[in-house]
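# Secondary and tertiary structure notes
Now for the letters of each chain:
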Amino acid sequence: MDARSMWLYRLYYSNTCQWTLSLTIFLILLLAFVETPSSLTSTADVRFRSAPWDPPCGLTESVEALCLLVFVADVSVKSYLVGWAQFRKNPWLLAYLAVLVVSLADWIVSLSLVCQEPLRIRRLFRPFFLMQNSSMMKKTLKCIRSSLPEMASVVLLLALHLCVFTMLGMLLFTGEKQDDGQDRERLTYFRNLPEALTSLLVLLTTANNPDVMTPAYSKNRAYAIFFIVFTLIGSLFLMNLLTAIIYNQFRGYLMKSFQTSLFRRRLGARAAYEVLSSMSTRGEAHPRGVGVDPQDFLQVLQRVQLDSHQKPVIMEKVRSYGGDLLSAEEFQKLFNEFDKRVIKERPPRPEYRSPFLRSAQFLFSHRYFDYLGNLIALGNLVSISVFLVFDADVLPGDRDDFVLGILNCVFILYYVLELLLKAFALGLRGYLSYSSNVFDGLLTVVLLVLEISTLAVYRFPHPGWKPEMLGLLSLWDMARLVNMFIVFRFLRIIPSMKLMALVASTILDLIKNMRAFGGILVVVYYIFAILGISLFRGVVVVPGNGSLAPDNSSAPCGSFEQLEYWANNFDDFAAALITLWNVMVVNNWQVFLDAYRRFSGPWSKMYFVLWWLVSSVIWVNLFLALILEVSAEAPSCPWGLALLALAAGSPLECPRPLMCGGTRPPGGLGAAIRRLAPAGAGGLAGPWVPASG
């Protein structure tokens, strides 16, 4: 790689360029909320929604054009850095180029039609820009692709299960009398094949249980056996079998990603060692030996972007070796400094000469003073909860907030006093060095401002005191609402409780490692929302305006109209997201299936069933697999232990296979490294190479 390519590589992976690329991806995804149909209305309910603001033609298209130009520059730089030969072999880069070509062509068509085209194909491809920029999302998709055959076999069994029980149900429920329970069951749930399939599919999610069996069960107890057997086989066996298959594919998902990153780092470290060691012996008639000159390493280190606390530590470590050449083992040990946690030093506390002030400083910086603050905060929450219970049956206009107003003033005064005393004991810098103090201080300042504003507007609390509501909330209600955030003070006691600390650490690990899964969910939501807008925009119409929907008063109980689900539509992007979320939860999703069947046709069921499969079945099971993986990794094979074992060159044995799909490469990670680079001067053999994966 020449100097120009190296300069371009460092520029591309600089924080500025990467943040610019991330901001561009966020911006192009955000356009869906603004462009036609716009989501800039206060409500999505078709009965009360005002006419949305539609941007003029060329406004959002200009922003989109800028984003596409950034992506063109991105793919150009990537193709230059990897080379044309590697570019042609990389399917993601080829797909990146194809998506850009299609998007630019569709953008030109939009402008030529003055933004009146019925369908914008490029909107469906926008989530691709998010996927191609995340290596973890690519790995997740790869694991999903590898598990698709097994998932397809279970889905096929589910389909067979549905078909068999659908035919059995249509044969069972053939009542002859008009008032017969069998006939009511047939007319309501088994009228024809599509209706019967839909009823049992919804029963598979237990959303319509026991409604679906009530007419027949009321006639004869024996009919309950049909529905119980169907639920046992479908919901409790086949659906859980699908969960087990997905989890089996994702066992070791996190550990494998960690090992891959560590392998790449070691490979890069060895390559850097070879380059720097060759520079150390260049031009010398009598080389001192094989190794890296510390001065050469320090010169390179000055030009590398590192955290402010890491660079001085590594420089000090290099200088500790003196002027001798660094061996491969010593060179690798330098990179172990990246894995060490930096303990933040607290600013020194102020020193007071007076014995009284020193005693006060000791008292107000003691942990028992924090316990007292937590106790006061608990009393604050209890007082709010008690008054909420007592005022539940009292009309808002008849309430008397005199006592609660006095208590609120007392609690806020204590929080202010606590802030000042802690700042006195720890010093301002010491007080701000604790994140918990920053949160408490910020909350106290907000509460103080709201309380002063409340007293200025409504005067001091007195008997019969009731602040009037101005807008959505009064200042008094806002103060009480912010006051509830005091509950977060109790999070600081978690580290002192072992079991709770373990659960909290698992939750934190889950949050850190679910970005790829969250990204996959964003992609799926985005694509289905765009498809929903294209298919169902405008089909939900207010009754009386040419709609097929009956009036609320004449609508059947439990229907879309009677439940007033008018805000669940696909008339804009934000409304589509909320509708998809409500369907993903699967509670009452049969209402959506029935309503959109009546509004747009029976084919609409295919859209909602496909969304249920992707979101509720596949993604929710992926999320469950991630939770099991994170919780299982914590006690059995921690990341810290894996890091120490791999860094020390000792075997790493975990109780489960560590590769995606449940298999481990022969010989482990160390053998894989040795196969990639044979032992010798140019290889990866050495004491820092792990013996096994």
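Here the structure is a predicted model, which is why all the values come from computation and not from measurement.

Rules used throughout
Residues numbered from 1 in each chain as written. Predicted model: local features only at pLDDT ≥ 70, side-chain atom pairs only at ≥ 80, totals over all residues. Heavy atoms only, no water. Phe/Tyr/Trp six-rings, centres within 6.5 Å; stacked < 30°, edge-to-face > 60°. Disulfide = S-S within 2.5 Å. Helix = DSSP H or I, 4+ residues; strand = E, 2+ residues; numbered from the N terminus. Buried < 20%, exposed > 50% of the residue type's maximum accessible area, 1.4 Å probe, protein only. Axes fitted to C-alpha atoms, helices over the stretch in contact; angles between N-to-C directions. Parallel < 35°, antiparallel > 145°, perpendicular 65-115°, else oblique. Nonpolar A, V, L, I, M, F, W, Y, C, P; charged D, E, K, R; others polar. Core = buried A, V, L, I, M, F, W, Y, C linked by side-chain atoms within 4.5 Å. Contact = heavy atoms within 4.5 Å. 1 Å grid on protein atoms, 1.4 Å probe; cavity = no way out; pocket = protein on both sides within 12 Å on 5 of 7 lines; lining within 4 Å. Points joined across faces, edges and corners; volume = space filled by probe spheres on them. pLDDT = per-residue confidence, 0-100. Salt bridge = Lys/Arg side-chain N within 4 Å of Asp/Glu carboxyl O. Patch = residues over 30% accessible without salt bridge, like charges linked within 9 Å, V, L, I, M, F, W, Y side chains within 5 Å. Areas by Shrake-Rupley, 256 points an atom, 1.4 Å probe, with all protein chains shown as cover. Expected span 1.5 Å × (residues − 1).

## So, the packing of aromatic side chains
Two measures describe an aromatic ring pair: the distance that separates the ring centres and the angle between the ring planes. What the rule picks out here adds up to 43 aromatic pairs. Between the aromatic rings of phenylalanine 364 and phenylalanine 369, the centroid separation amounts to 5.2 Å while the plane-to-plane angle is 65 degrees, which identifies the pairing as edge-to-face.

## Thoughts on the state of the cysteines
Summed over all chains, the structure comprises one disulfide. Disulfide pairing is shown between cysteine 57 and cysteine 115; the S-S distance is 2.0 Å. On the S-S bond that ties cysteine 57 to cysteine 115, the torsion sits near 70 degrees, and the link is right-handed. One end of the pair, cysteine 57, is in the loop between helix H2 (15-30) and helix H3 (59-82); the other, cysteine 115, is in the loop between helix H5 (91-112) and helix H6 (122-132), and 58 residues separate them in sequence. Here cysteine 57 falls in the partly exposed class, since its relative accessible area comes to 41%.

## Description of the packing of helix H7 (residues 135-172) against helix H11 (residues 223-249)
Between H7 and H11, whose axes approach to 9 Å, the crossing angle comes to 175 degrees. Looking at the two axes, H7 sits roughly antiparallel to H11. Class assignment for the residues of the contact of H7 with H11 results in 19 nonpolar, six polar and one charged.

## Comments concerning unusual backbone geometry
With omega at -5 degrees, the peptide bond leading from threonine 36 into proline 37 counts as cis. Residue proline 210 is reached from asparagine 209 by a cis peptide bond, and omega for that bond is 5 degrees. Mapping proline 210 onto the fold places it in the loop between helix H9 (193-204) and helix H10 (214-219). Phi is positive for threonine 206, close to 60 degrees, though the residue is something other than glycine. Relative to the elements of secondary structure, threonine 206 occurs in the loop between H9 and H10. Here threonine 206 falls in the partly exposed class, since its relative accessible area comes to 45%.

## Considering the nonpolar core
Counting 96 residues, the largest nonpolar core has Phe71, Phe129 and Trp589 as the members making the most contacts within it. Residue contributions to this core peak at 13 residues, all from helix H23 (residues 515-536). If we ignore the near neighbours within four places in the chain, the residues touching tryptophan 589 are Leu201, Val202, Thr205, Ala207, Val583, Phe608 and Trp612. The next biggest cluster of nonpolar side chains, apart from the first, holds 16 residues, and it includes Ala360, Ile412, Ala425 and Val482.

## Regarding the packing of H7 against H23
In a packed pair of helices, the relevant descriptors are the angle between the two axes and the axis-to-axis distance. Where H7 meets H23, the closest approach of the two axes is 8 Å, and the angle between their N-to-C directions is 75 degrees. In terms of their interaxial angle, H7 and H23 are classed as roughly perpendicular. Here Met136, Met137, Thr140 and Leu141 of H7 come into contact with H23, specifically with Ala516, Phe517, Gly519, Ile520 and Val523. Classifying every residue of the contact of H7 with H23 gives seven nonpolar, two polar and no charged.

## Looking at empty space enclosed by the protein
In this structure the tally under the stated criterion is one cavity of 30 Å³ or more. The wall of the largest cavity is formed by Tyr415, Glu418, Leu419, Lys422, Tyr431, Asp440, Thr444, Ile486 and Arg489. At the level of secondary structure, the elements contributing two or more residues to the lining of the largest cavity comprise helix H18 (402-426) and helix H20 (435-458). With four residues, the single largest contributor to the lining of the largest cavity is H18. Looking at side-chain class alone, the lining of the largest cavity contains four nonpolar, one polar and four charged residues.

## Regarding the confidence of the model for the protein chain
In this model, the protein chain carries an average pLDDT of 79, and 81% of its residues clear a pLDDT of 70 or more. This stretch, residues 635-693, has a pLDDT under 50; its non-local contacts, to residues over four places away or in other chains, come to 123 contacts.

## Brief notes about the layout of surface pockets
Estimated volume of the second largest pocket: approximately 720 Å³. Thr188, Tyr189, Gly558, Gln590 and Asp594 are, among the 28 residues lining the second largest pocket, the residues nearest its centre. For the lining of the second largest pocket, the elements supplying multiple residues, two or more each, are helix H8 (181-189), H9 and helix H25 (589-600). Top element by residues in the lining of the second largest pocket is H25. It accounts for seven residues.

## Observations regarding the pattern of salt bridges
Per the counting criterion, the structure on display carries 20 salt bridges. The partner of glutamate 35 in a salt bridge is arginine 126, with the nearest N and O atoms 2.7 Å apart. Pair noted here: glutamate 35 is in the loop between H2 and H3 and arginine 126 is in helix H6, with a separation of 91 residues, a long-range link. Note that glutamate 195 is salt-bridged to lysine 605, the shortest N-O span being 4.0 Å. Pair noted here: glutamate 195 is in helix H9 and lysine 605 is in helix H26 (residues 604-636), with a separation of 410 residues, a long-range link. Here the salt bridges do not stand alone but share partners, grouping Glu35, Glu61, Glu64, Asp106, Glu117, Arg120, Arg122, Arg123 and Arg126 into one network.

## Notes on a nonpolar patch on the surface
A grouping of Ile225, Ile228, Val229, Leu232, Ile233, Leu236, Phe237 and Leu241 is seen on the molecular surface, where their side chains present a nonpolar patch of about 700 Å² in accessible area. Note that isoleucine 225 resides in helix H11.

## A look at the side chain of serine 103
By the element assignment, serine 103 lies in helix H5. Residue classification places serine 103 among the buried positions, given a relative accessible area of 1%.

## A look at H25
A rise of 1.5 Å per residue sets the reference length of H25, with its twelve residues, at 16 Å; its end C-alpha atoms lie 16 Å apart and thus fit the reference within 8%. By the burial criterion, the buried members of H25 are Trp589, Val591, Phe592, Leu593, Ala595, Tyr596, Phe599 and Ser600.

## Looking at the side chain of aspartate 106
Looking at the element boundaries, aspartate 106 is found in helix H5. Other than its neighbours up to four places away in sequence, aspartate 106 contacts Leu119, Arg120, Ile121 and Arg122.

## Examining the environment of methionine 584
Along the chain, methionine 584 turns up in helix H24 (residues 573-585). When its relative accessible area of 10% is taken as the criterion, methionine 584 is described as buried. Non-local contacts of methionine 584, meaning those with residues more than four positions away in its chain, are made with Tyr525, Trp611, Ser615 and Ser616.

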